[in-house]
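# Notes for the structure review
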Amino acid sequence: GAVVSQHPSRVICKSGTSVKIECRSLDFQATTMFWYRQFPKQSLMLMATSNEGSKATYEQGVEKDKFLINHASLTLSTLTVTSAHPEDSSFYICSARDGDSPLHFGNGTRLTVT
Amino acid sequence: EDQVTQSPEALRLQEGESSSLNCSYTVSGLRGLFWYRQDPGKGPEFLFTLYSAGEEKEKERLKATLTKKESFLHITAPKPEDSATYLCAVRGGSNYKLTFGKGTLLTVNP
């Protein structure tokens, strides 16, 4: 089955620094990838939709200058959290679309900003 | 705006005690209702997609059903390894955006 790999699984950074999270589709080409954020006991909330070769589409309320998304190839999308603050601490999950099949999710990245 | 409400928030069962999880939804033009399983600290794992009312799908001890307003995930004779959070999501419209519920945390005691 389709596999989505996300790296790193955990990251701790200091307030004010930037962190990059990678999302790779390992055995298929993903024209569209999605970035979600999940707080404890809450829904997965879509942050942005990333299309290969074009600018990401951000959901209402998500700061595009803070959460930079790059989808430079059909197998890789990156999310960079810039100037991170403690309130950005969360569980970030990417997913990828393989044709019209259900979305496949990565294993998430636990970000802790100190 | 698409909405998904799952109940109960948490469910404790004894091994072998069958039960059902509920997912109520409102969506403009359902393009699919999805069930995922999520283990702690992991991403969601796909279980089922349902597209139209009356549809049913089964996988091992799990069976998902769909009506025009809700979906049920039936768990028959659960085992401790079925313990996880079960997420329901809907896709409406022509894009691939999924709207998720908050999930049901299922604990199966041996």
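What you are looking at is a predicted structure, and each value in this text was computed from that prediction instead of being measured.

### Considering the pairing of strand β3 (residues 19-26) of chain B
Residue and element names in this part refer to chain B. Of the pairings in the sheet, the one linking strand β1 (residues 3-7) to β3 comprises five bridges and is antiparallel in character. By the bridge assignment for β3, Val-4 is matched with Tyr-25. In this structure, β3 lies alongside strand β8 (residues 70-75), joined through six bridges in antiparallel fashion. Counterpart to Leu-21 in the pairing with β8 is Leu-73.

### Structural notes on the side chain of A:Arg37
Residues and elements named next belong to chain A. Here Arg-37 shows up in strand β4 (residues 32-38). The charged side chain of Arg-37 is buried without a salt bridge, its nearest counter-charge being Asp-88 at 4.3 Å. Within the local environment of Arg-37, its side chain forms a polar contact with the backbone oxygen of Glu-87, the two atoms lying 2.9 Å apart.

### Side note on the state of the cysteines
All names here are of chain B. All told, the structure shown has two disulfides over all chains when counted by the stated rule. With its sulfur 1.9 Å from that of its partner, Cys-23 forms a disulfide with Cys-88. Its S-S torsion of approximately -65 degrees makes the covalent link between Cys-23 and Cys-88 left-handed. On the criterion of sequence distance, the pair formed by Cys-23 in strand β3 and Cys-88 in strand β9 (residues 84-92) is long-range, its members being 65 residues apart. Overall, the relative accessible area of 0% leaves Cys-23 in the buried class. Taking relative accessible area as the criterion, Cys-88 reaches 0% and is therefore assigned buried.

Quick notes on the rules
- Per chain, the residues get numbers from 1 upward, laid out in the order the sequence is written.
- Each chain gets a letter, beginning with A, and each ligand a number, beginning with 1, in the order they are written.
- Where local features are concerned, this predicted model is filtered to residues with pLDDT of at least 70; where side-chain atom pairs are given and counted, the filter is 80 or more; whole-chain, interface and lining totals use all residues.
- Only hydrogens and water are removed before side-chain values are computed, so all heavy atoms of the structure are retained for them.
- Two strands pair if DSSP finds at least two bridges between them.
- Runs of H or I in DSSP of at least four residues are treated as helices and runs of E of at least two as strands, each being numbered from the N terminus.
- Accessible area is worked out with a 1.4 Å probe on protein chains only. A residue is then buried under 20% of its type maximum, exposed over 50%, and partly exposed in between.
- By the counting rule applied here, Lys and Arg register as positive and Asp and Glu as negative, while His and the ends of each chain are not counted.
- Criterion for a salt bridge: a side-chain nitrogen of Lys or Arg within 4 Å of a carboxyl oxygen of Asp or Glu.
- Here a polar contact is taken to be a pair of N or O atoms separated by no more than 3.5 Å, where protein atoms must pair a possible hydrogen donor with a possible acceptor and residues adjacent in sequence count only if both atoms sit in side chains.
- Two cysteine sulfurs form a disulfide in these notes if their separation is within 2.5 Å.

Worth remembering: the numbers are spatial, not functional.
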